[in-house]
Amino acid sequence: KMFEFHLQFPPLSGRCRPYATAIGLGVLGGLVLLATLLLCLLELLRMVLLWREKERYRSFTPQERIFYKKDKLFWLLALWGMDAALGWKTEKTDRALTLRLPAVSEGEYQRICSLLEKTVYGGIMLEPFEERALDRFLYHLTGQDMKKSLGMWLKLHYACLKKRK
């Protein structure tokens, strides 16, 4: 019994309760500050990655630009949860897209696929108006012109942080 210790803590008195509250609020404030710093770092990283992507895009030849947009198209479709490939089940994908994205009109995806096939398989360059149609379609897929859930917004907003296949 010589080495027996009994630790007994007295109940918190009225004087100690404000300190416990202050510590709790300090921890909560620290977590909010940490979350804010993490968000700032994510935005900074996103800005750098988008800037680098834009600089790389400027150095592309017209054909490389179309291939880049083709890859971006199917990457964005995957973010929306659609399994698609060039010339594969275009009618089904087009129907699903028009139901999911109100800005996309019926037949637009099929038209875009035919334009991409023209360049990818035929080696024929797109006319400027055709490339603008492709750009407009990609804009719709980024969801900037529609309301979406917070989860989808985060997925599309920080998509550049995710490595492409």
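Everything below is about the structure shown above.
Thresholds applied
Residues numbered from 1 in each chain as written. Predicted model: local features only at pLDDT ≥ 70, side-chain atom pairs only at ≥ 80, totals over all residues. Heavy atoms only, no water. Axes fitted to C-alpha atoms, helices over the stretch in contact; angles between N-to-C directions. Helix = DSSP H or I, 4+ residues; strand = E, 2+ residues; numbered from the N terminus. Parallel < 35°, antiparallel > 145°, perpendicular 65-115°, else oblique. Left-handed = near helix turned anticlockwise from the far one by under 90°. Contact = heavy atoms within 4.5 Å. Nonpolar A, V, L, I, M, F, W, Y, C, P; charged D, E, K, R; others polar. Salt bridge = Lys/Arg side-chain N within 4 Å of Asp/Glu carboxyl O. Buried < 20%, exposed > 50% of the residue type's maximum accessible area, 1.4 Å probe, protein only. Core = buried A, V, L, I, M, F, W, Y, C linked by side-chain atoms within 4.5 Å.

A. The arrangement of the packing of helix α2 (residues 62-79) against helix α5 (residues 128-141) in detail. Where α2 contacts α5, the two axes come as close as 10 Å, and the packing angle between them is 25°. Considering the angle they form, α2 stands roughly parallel to α5. With respect to the hand of their crossing, α2 and α5 are arranged in left-handed fashion. Residue-level contacts link Arg 65, Ile 66, Lys 69, Lys 72, Leu 73, Leu 76 and Leu 77 of α2 to Glu 131, Leu 134, Asp 135, Phe 137, Leu 138 and Leu 141 of α5. The residue makeup of the contact of α2 with α5, split by class, is eight nonpolar, no polar and five charged.

B. Structural view of the pattern of salt bridges. Counted under the stated rule, the structure contains eight salt bridges. One salt bridge connects Arg 46 with Glu 43, and the closest N-O pair in it is separated by 3.9 Å. One end of the pair, Arg 46, and the other, Glu 43, are both in helix α1 (residues 17-58), three residues apart, so they sit about a helical turn from each other. The class of Arg 46 is buried, set by a relative accessible area of 18%. Here Glu 43 falls in the partly exposed class, since its relative accessible area comes to 25%. Linked by salt bridges that have partners in common, Arg 65, Lys 69, Glu 131 and Asp 135 make up one network.

C. View of the nonpolar core. Within the largest apolar cluster, 28 residues are counted, with the highest numbers of intra-cluster contacts made by Leu 73, Leu 77, Leu 97, Tyr 109, Phe 137 and Leu 141. Within the residue set of this core, elements represented by two or more residues are α2, α4 (108-120), α5 and α6 (150-157). Considering each element in turn, this core owes the most residues, seven residues, to α2. In contact with Phe 137, other than residues within four places in its own chain, are Leu 73, Leu 97, Val 104, Glu 108, Tyr 109 and Ile 112.

D. Quick peek at the environment of Gln 110. Residue placement: Gln 110 occurs in helix α4. Residue classification places Gln 110 among the partly exposed residues on the basis of a relative accessible area of 29%. Sequence separation between Gln 110 and Lys 92 is 18 residues, and the spatial gap between their C-alpha atoms is 9.8 Å. If sequence neighbours within four positions are ignored, Gln 110 has contacts with Thr 90, Glu 91 and Asp 94.

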